[in-house]
Amino acid sequence: MQIWIMIICFLIGILLIPLVRKFAFFINAVDEPRERHTHKKITPTLGGLAIFLSFTVGMILLAVDKAEFLPVYIGALIIVMTGFIDDIIELSPRWKLVGQIVAALCVVLWGQITIEFINIPFVGPLYFGGWAIPITIIWIVAIVNALNLIDGLDGLAGGVAIIALLTIAGMALLLQDVFVAPVAFMLIACIFAFLVYNFPPATIFMGDTGSLFLGYMIAVLSLMGFKNVTFISILVPLIILGVPLSDTFFAIIRRLKARTPISMADRSHIHHRLLALGFSERQTVLLIYCMAILFSITGFVFSFSTTWGAVILLLLLAFCIEIIVEFIGLIGENYRPILNILSKVRRKR
């Protein structure tokens with residue numbers, strides 16, 4: 001990929017964001033401080049619009065295969081429109097889901113990007129047949145919402161997205177993918193421009209316009225980048241996106257346990273819990289960046305492991321996630337089964 005395209009995307013983003021900020025105030029696309037929020041003043045959203053527009057310019061300059069790119073771009077346009085409307089009038093979860101599904105359908109039906117089968121170790125190939133389309137849609141929607149849910153602190157979602165995209169781009173380079181790697185690197189340049197204005201203290205938020213768009217692009221690029229759909233390769237993007245996906249998973253567990261609607265917001269996401277432990281906003285963002293980097297490194301190692309090595313690595317990763325979940329109280333402050341066992345063993349010594 002030509003570096004000058006990344007530079008142009010970055011500069012366009014830098015120039016666009018102040019204009020988008022004024023536009024957000026003009027149409028009242030702003031985020032007012034509420035009980036769940038950490039910011040104390042009215043802040044414009046729609047930062048994701050600048051990311052999308054600079055991305056569009058970059059894709060034109062990149063001159064990729066239109067047949068391969070068009071379904072992805074139209075899906076992106078649909079999801080950006082969904083986020084844009086939500087940032088202005090706050091759509092219900094049902095209508096946001098409709099927009100996400102329509103965007104996913106563009107990629108799945110038009111672009112014909114689906115998960116047809118996976119090779120399960122010691123078992124063999126498992127073909128999905130007619131279930132390939134719904135499984136792929138669920139995959140895309142899950143990742144879109146995972147990134148959307150983690151967008152709770154200045155610079156958090158953007159930084160996590162950059163780390164995930166860097167990993168996907170790096171692995172795509174190793175696989176000699178001529179589409180995924182340059183698109184991912186270009187998108188990274190667009191996000192960096194946004195982070196100039198969004199890193200604590202932020203003067204603009206990406207809003208659902210940005211978080212839905214970035215989640216969608218990460219989901220689609222990971223599907224396109226890992227064409228060798230083995231059980232191991234399908235887990236790689238899940239590991240790379242370990243922070244937002246695990247946060248989403250445990251949020252669902254937490255709400256089911258409390259018998260509250262899954263879509264109901266709360267103050268128990270990973271960034272809320274770290275803040276509650278006494279970390280500053282900037283420290284919390286940097287800690288989650290470190291977690292995301294560790295997940296990405298694990299994803300890299302995992303992709304080149306033997307079957308048994310991958311299984312052992314997966315078990316170690318699951319154990320580490322459980323310890324972190326218990327330590328920060330992601331499910332609940334009283335949920336500490338392994339830490340309690342370790343505490344008892346230490347007392348006996």
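Rules behind the numbers
Residues numbered from 1 in each chain as written. Predicted model: local features only at pLDDT ≥ 70, side-chain atom pairs only at ≥ 80, totals over all residues. Heavy atoms only, no water. UniProt positions renumbered as here; feature names shortened; annotations may be inferred. Helix = DSSP H or I, 4+ residues; strand = E, 2+ residues; numbered from the N terminus. Rg over C-alpha atoms; globule rule 2.2 N^0.38 Å. Buried < 20%, exposed > 50% of the residue type's maximum accessible area, 1.4 Å probe, protein only. Contact = heavy atoms within 4.5 Å. Areas by Shrake-Rupley, 256 points an atom, 1.4 Å probe, with all protein chains shown as cover. Lys, Arg positive; Asp, Glu negative; His and termini not counted. Charge placed at Lys NZ, Arg CZ, Asp CG, Glu CD. Axes fitted to C-alpha atoms, helices over the stretch in contact; angles between N-to-C directions. Parallel < 35°, antiparallel > 145°, perpendicular 65-115°, else oblique. Left-handed = near helix turned anticlockwise from the far one by under 90°. Core = buried A, V, L, I, M, F, W, Y, C linked by side-chain atoms within 4.5 Å. Expected span 1.5 Å × (residues − 1). Phe/Tyr/Trp six-rings, centres within 6.5 Å; stacked < 30°, edge-to-face > 60°.

The name given to the protein chain in an unreviewed UniProt entry is Undacaprenyl-phosphate N-acetylglucosaminyltransferase, and the organism recorded there is Listeria riparia FSL S10-1204. Under Cofactor (unreviewed entry), UniProt gives the following word-for-word description of the protein chain: "Mg(2+)". Recorded in UniProt under Subcellular location (unreviewed entry), the annotation for the protein chain is "Cell membrane".

Here we take up the overall build of the protein chain. Helix and strand counts for the protein chain come out as 14 helices and 4 strands. On C-alpha atoms alone, the protein chain measures out to a radius of gyration of 20 Å, which is about the 20 Å that the 2.2 N^0.38 rule sets for 349 residues. Burial status across the protein chain gives 52% buried among its 349 residues. Taking all contacts inside the protein chain whose residues are at least 6 apart in sequence as the whole, residues at least 24 apart take part in 71%. Approximately 16900 Å² of the protein chain is accessible, and the part contributed by carbon and sulfur atoms is 69%. Seen as two clouds, the 23 positive and the 19 negative side-chain charges of the protein chain have centres 10 Å apart.

With that out of the way, let us pick up the UniProt feature "binding site: Mg(2+)" (unreviewed entry) in the protein chain. In the numbering adopted here, UniProt assigns the feature "binding site: Mg(2+)" (unreviewed entry) to N148 and D208. Spanning 61 residues, the named residues form one tight spatial group whose C-alpha atoms are at most 6.8 Å apart. As for its placement among the helices and strands, N148 is situated in helix α5 (residues 132-150). Those residues within four positions of N148 in sequence are excluded, and the remaining contacts are K96, D208, S211 and L212. Here D208 shows up in helix α8 (residues 207-225).

Our focus in this paragraph is the packing of helix α6 (residues 156-174) against helix α12 (residues 281-303). Where α6 meets α12, the axes come as close as 9 Å, and the angle between the chain directions of the two elements is 20°. When the axes of α6 and α12 are compared, the pair comes out roughly parallel. As α6 runs across α12, the sense of the crossing is right-handed. Touching L156, G159, V160, I163, T167, G170, M171 and L174 of α6 are V285, I288, Y289, A292, I293, S296, G299, F300 and S303, all from α12.

On to the nonpolar core. The nonpolar side chains of soluble globular proteins are, as a tendency, buried together. Core analysis: the biggest nonpolar cluster contains 100 residues, and F55, F213, Y216 and M217 have the highest contact counts within it. Once residues within four sequence positions are removed from consideration, Y216 is found in contact with P71, V72, G75, A76, I79, A103, V107, I140 and V144.

Time to look at helix α4 (residues 93-110). With 18 residues, α4 should reach 26 Å at 1.5 Å per residue; the first-to-last C-alpha distance of 25 Å fits that figure. For α4, the set of buried residues is K96, G99, Q100, A103, A104, C106, V107 and V108. Directly after α4, the chain includes Q112, whose backbone phi takes a positive value near 55°.

Pairs of aromatic rings are described using the distance from one ring centre to the other and the angle between the two planes. Inspection of the entire model under this criterion finds 7 aromatic pairs. Both rings, one in F52 and one in F213, keep their centres 5.4 Å apart while their planes meet at 85°; by these two values the pair is edge-to-face. Of this pair, F52 sits in helix α2 (residues 47-62) while F213 sits in helix α8; the two residues are 161 residues apart in sequence, bridging distant segments of the chain. Across this residue pair, the class does not change: F52 and F213 are buried. An angle of 45° between the planes, with centres 5.3 Å apart, marks the rings of F69 and Y73 as tilted. Placement of the pair is F69 and Y73 together in helix α3 (residues 66-89), with a separation of 4 residues, close to one helical turn. Taken individually, F69 and Y73 each receive the classification buried, so the pair is uniform in this respect. Ring-pair connections join several aromatic residues into one group, and the members of that group are F52, F55, F69, Y73 and F213.

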